[in-house]
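Structural characterization, general
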Amino acid sequence: MGDKAGTRVFKKSSPNCKVTVYLGKRDFVDHLDQVDPVDGVILVDPDYLKDRKGRTASSPSLCNLLLFLLFSLTLSATLPLPPPAVFVTLTCAFRYGREDLDVLGLSFRKDLYISTFQAFPPVPEERKPNSRLQERLLKKLGQHAHTFYFTIPQNLPCSVTLQPGPEDTGKACGVDFEIRAFCAKSIEEKIHKRNSVRLVIRKVQYAPEKPGPQPMVETTRSFLMSDRSLHLEASLDKELYYHGEPISVNVHVTNNSTKTVKRVKISVRQYADICLFSTAQYKCPVAQVEAEDQVSASSTFCKVYTLTPTLDKNREKRGLALDGKLKHEDTNLASSTIVKDVTNKEVLGILVSYRVKVKLVVSRGGDVSVELPFVLMHPKPLEPPVSRPQSAVPDLDPPIDTNLIEFDTNSTSQDDDFVFEDFARLRLKGMVDDKDEDC
């Protein structure tokens, strides 16, 4: 009997181990017409819910405690305490300043989107059909597990991280998506790190199946006191490139002027449009070639230059846009952003694009340059991570979900064949939160 494939499930527990969140994946794909749903399961210790009933959200002072006792004795016979509920929130935020600068109530962070889901007790109008993964997790985890579901709006940006400098500390700037799960009597209650779960997910885009036309541009430059011109034509071999793939730039020069082209400069530039309170654009070269190719007067020149933009050669450039980074994984240059609707720029976050610049350095001034836009992205996986709803008739031998990462393991039952992997948690040494509940 051969080995069966196991389903990889990511989980993270609160520091007090009372609340645990399970997700089948961390990357959610924007297909332009719809975004993969965020569907997971939250497991809560039943004794923890009972222990929280009737307790306050934070440690009260002596004065507040006396007032609370007096108020409780007055209304305990007529007004029962509300039972605690289990909430899950999805937040898309743009951090544009270092965390150590968040002082005096001023935070360099803008929340672009916030959604709240009450997992327990369930709200009938919020219930969605469970995915196959959720059904399998509910069966394995038992009656104290509850499902949650989010739909990411299409107009939200993808996860992008701005590369910090060598001296920068704390959380990097950029756009990120965060899921937070906690128990509280209401959504307004103050939540502590000790009894809540926070985990980062990513919204990503893959290369389109049909690339655009081949980029080509040409320009003619006339010089003062001369009726002759210099003609530059540049083109790329295609419009779509994958990360790590070399870019071929075809340069053709027809020099009918009396000037001499001394050098040819080719560079790949990353453009990041920061859509915050106002739109600003930042550019950064990520690959460049400078050739001592000369084109004398009344002559022609043709050559193909090759450049490969990678992060390895740009790790010291502060502010360079990178794909959303998880703490324990490396990343790459940010992928090009594909946007269908740009009417509401306030929620677009960071828009990334790339261009190849061809510049001819001409003797005695008057340089000539053109730019060629192109798309840099990851290829679409062979099996796209799309969640599948549960079939009305259960299969005797259900297949493994295609929306999960899979690898081999031994198990006797496919329904229980899970491999749980913990989310990486960043803990600050020596930090103790005195306000956290000890439960």
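Residues numbered from 1 in each chain as written. Predicted model: local features only at pLDDT ≥ 70, side-chain atom pairs only at ≥ 80, totals over all residues. Heavy atoms only, no water.

**Observations regarding unusual backbone geometry**
- The step from Phe120 to Pro121 runs through a cis peptide bond, and the omega angle for that step is -10°.
- Inspection of the secondary structure puts Pro121 in the loop between strand 6 (109-120) and helix 3 (132-141).
- For Cys17, which is not a glycine, the phi torsion comes out positive at approximately 60°.
- Position of Cys17 relative to the elements: it lies in the loop between strand 1 (4-13) and strand 2 (19-23). (Helix = DSSP H or I, 4+ residues; strand = E, 2+ residues; numbered from the N terminus.)

**Structural notes on the sheet that holds strand 19 (residues 349-362)**
- With respect to topology, five strands assemble into an open sheet ordered 13-20-19-15-16, the strand pairing being mixed. Only two strands of the sheet have a single partner each, and these edge strands are strand 13 (240-242) and strand 16 (279-291). Neighbour-to-neighbour, the strand axes of this sheet turn through a mean angle of 35°, independent of strand direction.
- Note: strand 15 (residues 261-275) against strand 19, 14 bridges, orientation antiparallel. Note on strand 19: the bridge partner recorded for Lys265 is Lys359. (Pairing = 2+ DSSP bridges. Axes fitted to C-alpha atoms, helices over the stretch in contact; angles between N-to-C directions.)

**Brief notes about the pairing of strand 5 (residues 85-95)**
- Burial of strand 5 is extensive: 11 of the 11 residues sit out of reach of the surface.
- Across the two faces of strand 5 the burial is the same, with Ala85, Phe87, Thr89, Thr91, Ala93 and Arg95 and Val86, Val88, Leu90, Cys92 and Phe94 all buried.
- The pairing of strand 5 with strand 9 (residues 174-184) spans 11 bridges and is antiparallel. Within the sheet, the bridge partner assigned to Thr89 lies in strand 9 and is Arg180.
- Of the pairings in the sheet, the one linking strand 5 to strand 6 comprises 10 bridges and is antiparallel in character. Bridging across to strand 6, Phe94 finds its partner in Lys110. (Buried < 20%, exposed > 50% of the residue type's maximum accessible area, 1.4 Å probe, protein only.)

**Remarks on the environment of Asp273**
- In this structure, Asp273 sits in strand 15.
- Residue contacts for Asp273: discarding those within four places in its chain leaves Ala280, Gln281, Gly349, Ile350 and Leu351.
- Within the local environment of Asp273, its side chain forms a polar contact with the side chain of Gln281, the two groups lying 2.9 Å apart. (Contact = heavy atoms within 4.5 Å. Polar contact = N/O pair within 3.5 Å; in protein donor to acceptor, adjacent residues only side chain to side chain.)

**Some thoughts on the environment of Lys110**
- Of note, Lys110 is situated in strand 6.
- C-alpha separation for the pair Lys110 and Gly349, spaced 239 residues apart in sequence, amounts to 9.6 Å.
- Not counting residues within four places of it along the chain, the set of residues in contact with Lys110 comprises Cys92, Ala93, Phe94, Tyr96, Leu276 and Glu346.

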